[in-house]
Amino acid sequence: MASTLRKITMAALAPAMAIGATVGLASAPASAAVWSSCAQYGNTSLNGYTLYNNIWGSGAGSQCIWANSGTNWGVNANHPNTGGIKSYPNSKKVINKSITSLGSLSSSYNVSVPSSGAYNTSYDIWDTDYDYEIMLWVNKTGAVGPLGSSQGNVTLGGHTWTVYKGTNGSNQVFSFVRTSNSSSGTVNILPILKWIKDTKGWFGNETIGDVQFGFEITSSSGGLDFAANNLTVSSS
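Conventions we followed
- Throughout, a residue's number is its position along its own chain's written sequence, starting from 1.
- A pLDDT threshold of at least 70 governs which residues receive local features in this predicted model, and a stricter bar of 80 or more applies before side-chain atom pairs are shown or counted, although totals over entire chains, interfaces and linings include all residues.
- The basis for every side-chain value is the complete set of non-hydrogen atoms in the structure, without hydrogens or water.
- Between buried and exposed lies partly exposed: a residue is buried under 20% and exposed over 50% of the maximum accessible area for its type, with that area taken using a 1.4 Å probe on protein chains only.
- Numbering goes from the N terminus for both helices and strands, where a helix is a DSSP run of H or I of at least four residues and a strand is a run of E of at least two.
- Any two strands with at least two DSSP-identified bridges between them are counted as paired.
- We count a salt bridge whenever a side-chain nitrogen from Lys or Arg sits within 4 Å of a carboxyl oxygen from Asp or Glu.
- Only centres within 6.5 Å qualify two rings of Phe, Tyr or Trp (six-membered ring in Trp) as a pair; their planes then separate them into stacked at under 30 degrees, edge-to-face at over 60, and tilted for everything else.
- Only buried Ala, Val, Leu, Ile, Met, Phe, Trp, Tyr and Cys residues count toward a nonpolar core, and they belong to the same one when joined by side-chain atoms within 4.5 Å.
- To get an axis, a line is fitted to the C-alpha atoms, and for a helix only the part in contact is used. The angle between two axes follows their N-to-C directions and goes from 0 to 180 degrees.
- By the convention used here, residues are in contact when the closest approach between their heavy atoms is within 4.5 Å.
- Cysteine sulfur atoms are paired as a disulfide whenever they fall within 2.5 Å.

**Notes on the pairing of strand 3 (residues 49-52)**
- Residue alternation in strand 3 divides its side chains into two sets, Tyr49 and Leu51 and Thr50 and Tyr52, and both sets are buried.
- Summarising the sheet, strand 2 (residues 43-46) and strand 3 pair through four bridges and their orientation is antiparallel. Looking across to strand 3, one finds that Asn43 is bridged to Tyr52.
- In this sheet, strand 6 (residues 90-98) lies alongside strand 3 in antiparallel orientation, the contact comprising three bridges. Within strand 6, the position partnered with Leu51 by the bridge is Ser91.

**Considering the pattern of salt bridges**
- Within this structure, the stated rule accounts for two salt bridges.
- For Lys92, the salt bridge is made with Asp210, and the minimal N-O distance between the two is 3.9 Å. Of this pair, Lys92 sits in strand 6 while Asp210 sits in strand 14 (residues 207-219), placing them 118 residues apart in sequence.
- Accessibility expressed as a relative area gives 11% for Lys92, which makes it buried.
- By relative accessible area, which is 6% here, Asp210 ends up buried.
- The salt bridge involving Lys197 is made with Asp198; its shortest N-O contact spans 2.7 Å.

**What about the packing of aromatic side chains?**
- Enumeration over the complete set of coordinates arrives at 15 aromatic pairs.
- Judged by centre distance (6.2 Å) and plane angle (15°), the ring pair of Tyr132 and Phe174 falls under stacked. Residue Tyr132 is found in strand 9 (residues 132-141), and its partner Phe174 is found in strand 12 (residues 172-178); the two are separated by 42 residues along the sequence.
- Classification of Phe174 as buried rests on a relative accessible area of 0%.
- Site record: aromatic cluster; members linked through ring pairs are Trp73, Tyr109, Tyr119, Tyr123, Phe213, Phe215 and Phe226.

**Side note on the nonpolar core**
- Residues Tyr123, Leu136 and Phe176 are the most contacted members of the largest nonpolar core, which totals 47 residues.
- Considering each element in turn, this core owes the most residues, six residues, to helix 2 (residues 189-200).
- Among the nonpolar cores identified, the runner-up in size contains five residues, and Ala118, Met135, Val144 and Val177 belong to it.

**A closer look at the sheet that holds strand 15 (residues 224-235)**
- Strand order in the open sheet formed by six strands is 1-4-5-15-7-13, with antiparallel pairing between adjacent strands. Of all strands in the sheet, those bounded by a partner on one side alone are strand 1 (35-37) and strand 13 (184-188). Neighbour-to-neighbour, the strand axes of this sheet turn through a mean angle of 20°, independent of strand direction.
- The pairing of strand 7 (residues 105-112) with strand 15 spans eight bridges and is antiparallel. In the sheet register, Ser107 faces strand 15, and the bridge partner there is Val233.
- Where helix 2 meets the sheet, it contacts strand 7 and strand 13, and its direction lies at approximately 45° from that of strand 13.

**Description of the pairing of strand 14**
- Where burial is concerned, most of strand 14 is hidden: 12 out of the 13 residues are buried.
- When strand 6 meets strand 14, the two strands line up antiparallel, connected through seven bridges. Bridge pairing in strand 14 places Val94 opposite Asp210.

**A word on the state of the cysteines**
- Under the definition given, this model contains one disulfide.
- The side chain of Cys38 participates in a disulfide bridge whose partner is Cys64; the two sulfur atoms lie 1.8 Å from each other. Around the S-S axis, the bridge from Cys38 to Cys64 shows a dihedral of about 105° and counts as right-handed. In this pair, Cys38 sits in the loop between strand 1 and strand 2 while Cys64 sits in strand 4 (residues 62-69), placing the two residues 26 residues apart along the sequence.

Next comes the structure, spelled out in structure tokens:
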């Protein structure tokens, strides 16, 4: 689900800060990680990726992020069972290439996610001007759904998706929701971008800025663990 607020926090992070006393209730794994943070916008760069705790939604609870590397990280999140997205902890890779200049853009993922709560595991892909947001949902649980109206199904990038098109008032949002949940796989992202550009004509030769991957969490009452066991983004 797109959000102008999330866009702002991703584009220009506020200094790392705790959101309140409840933040300390969540914790990183018992084994020591290379980095961890319970700050609202805690962030660091590891191995060419930037990690964000990114607790941006109203009514959020506590959440702590940990990382062994830029491609192996996770969060413990304890957000109340209320509506509205509370956070999007993620790992970001900067691309900064136009669609026509890209020879390839792909990603492999392997995640561990809870069976309860309300969330989606998704890629969040932005152009450099933040005019367009492309979301690729690889799994979802609970009462969550994408912005916009259904445009039907399409098979692209190695997966079959239901496509949604909408706007949040600030930018266009194109959401591709996998027709069945997946905890691991490879997504060939470039054909999806070319389909939006060439087949549908929804945008032109945009310069792709950020490829983010993470967990868009609405509720995780009691404290739930989410982990990106392995996440790689590659381009040429």
